[in-house]
Amino acid sequence: MIVTSDLLAGATTLWQAEFDKLMGKLTQDGLTVAMKIPAGNKSVVTFNWLGAPPTLRTFTGTVEFGKSFPHNYSVEVGEQAVGLAIKEREFRHNTLDTITRHVAMFQRQALRYIDKIIFTQLGAGFTANGYDAVTFYNDSHPVAAGGTYDNLLSGAGSTLLADDSNGNYAIAWALLNTTKDDQGEPSGFVASHVVVHPNNRVVAMKVFVAPTVAAGGTNVLAGDAKVIPSAYLPTSTQWHLLDCVEEMKPILLVEDLPIEFTQEAANATGQFLNKVLRWKVQAELATGFGPPWLAVGAAGA
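Sequence order as written defines the numbering, with residues in each chain counted from 1. Whole-chain, interface and lining totals are the exception, using all residues; otherwise, since this is a predicted model, local features are given only for residues with pLDDT of at least 70 and side-chain atom pairs are given and counted only at 80 or more. Side-chain measures here rest on the full set of heavy atoms in the structure, leaving out hydrogens and waters.

1. Observations regarding the sheet that holds strand S4 (residues 78-87)
The line we're drawing: Note on pairing: two strands pair once DSSP finds at least 2 bridges between them. Where helices and strands are cited, they refer to DSSP runs of H or I of at least four residues and of E of at least two residues respectively, numbered from the N terminus. Lines are fitted to the C-alpha atoms to define the axes, a helix being fitted only along its stretch in contact, and any angle between axes, read from their N-to-C directions, falls within 0 to 180 degrees. Contact definition: two residues touch when any of their heavy atoms are within 4.5 Å.
Strand order in this open sheet of four strands is S1-S11-S12-S4, and the pairing throughout is mixed. Both edges of this open sheet fall to strand S1 (34-38) and S4, since each of them pairs with a single strand only. Here the average twist between neighbouring strands, direction ignored, is 30 degrees. Against the sheet, helix H1 (residues 5-26) engages strand S11 (251-263) and strand S12 (276-289), with an angle of about 160 degrees to S11.

So, in structure tokens, the structure goes:
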């Protein structure tokens, strides 16, 4: 195979199209629980709109205004990149199909980074603070009108068991449904997804997918939430009950440069001197916590 600039341009165009297809497949789970936010060419992005929006209330002669923007929560956008180098001789001695398969695996590994940072952020919710200055999962989230709400299960009362035999899923569901708005009223959010470590996947399937329970009766929880397994959760016992169908989502994915696949210029000095062809995947991304009232975290131990 003769390596020409036209051949490289054509191959790169093909690979960029395949990269876009892979992105839609491989980042689907992460983008289910995270909302994309443009950074707007900023290295530090501040979110002051994450508080619970004001809710409709009885008119008593004067319109009451809730505090829609009471918080300042910032995330710092970093740079990410990884490269692939193929010697020109190796490129020439292999078929384009063989090289395409190798490039596809390179792209696949790079795109897993999106899920990695999203689910790592979710797993950090037990120890890292969100916008309201307490840990994302906390039993005392402050409410604007006074009081608190709870979105944390911990200790022995937080394990997930088949058939929900210990009732912890029912407790988590109720916690999510009763997180509070700015006036301290129940929010009414309903769980749509549960994120578990692969070690807990079978248990989760028995709770949310199996048509029957171990004793033989109907599983009334089947279909109650969609199961997302992620190896990027930091512990094998934790699980996260989420409402991912709202306009906002529990995790922020901040993009200054969306993840992209590019080729080094065909006439680059390095290629000419070293006879090496180079491609890279790069991005400028960050993650943070969204609204805690859309999530309940269970430590599982």
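2. Regarding the nonpolar core
Here is the rule we go by: Buried residues of nine kinds, namely Ala, Val, Leu, Ile, Met, Phe, Trp, Tyr and Cys, make up a nonpolar core once their side-chain atoms join them within 4.5 Å. A simple rule labels every residue: compare its accessible area, found with a 1.4 Å probe on the protein chains alone, to the largest value its type can have, and call it buried under 20%, exposed over 50%, or partly exposed in between.
In this structure, Phe47, Trp239 and Val254 are the most contacted members of the largest nonpolar core, which totals 78 residues. For this core, the element with the most residues is helix H4 (residues 96-123), which contributes ten residues. Discounting chain neighbours no more than four positions away, the residues touching Val254 are Ile37, Ala39, Val45, Phe47, Val75, Val77, Glu284, Leu285 and Ala286.

3. With respect to the pairing of strand S13 (residues 295-298)
Side chains Ala295 and Gly297 of S13 all project onto a buried face; the interleaved residues Val296 and Ala298 project onto the opposite face, where all are buried too. Here strand S7 (residues 152-153) pairs with S13 via two bridges, running parallel. By the bridge assignment for S13, Leu153 is matched with Ala298. When strand S10 (residues 239-242) meets S13, the two strands line up antiparallel, connected through four bridges.

4. Some words on the side chain of Ser230
Take Ser230: it is sitting in the loop between strand S9 (226-229) and S10. Judged by relative accessible area, Ser230 falls into the buried class, the value being 3%. Discounting residues that sit within four places of it in the chain, Ser230 has contacts with Phe119, Val195, Val196, His197 and Pro198.

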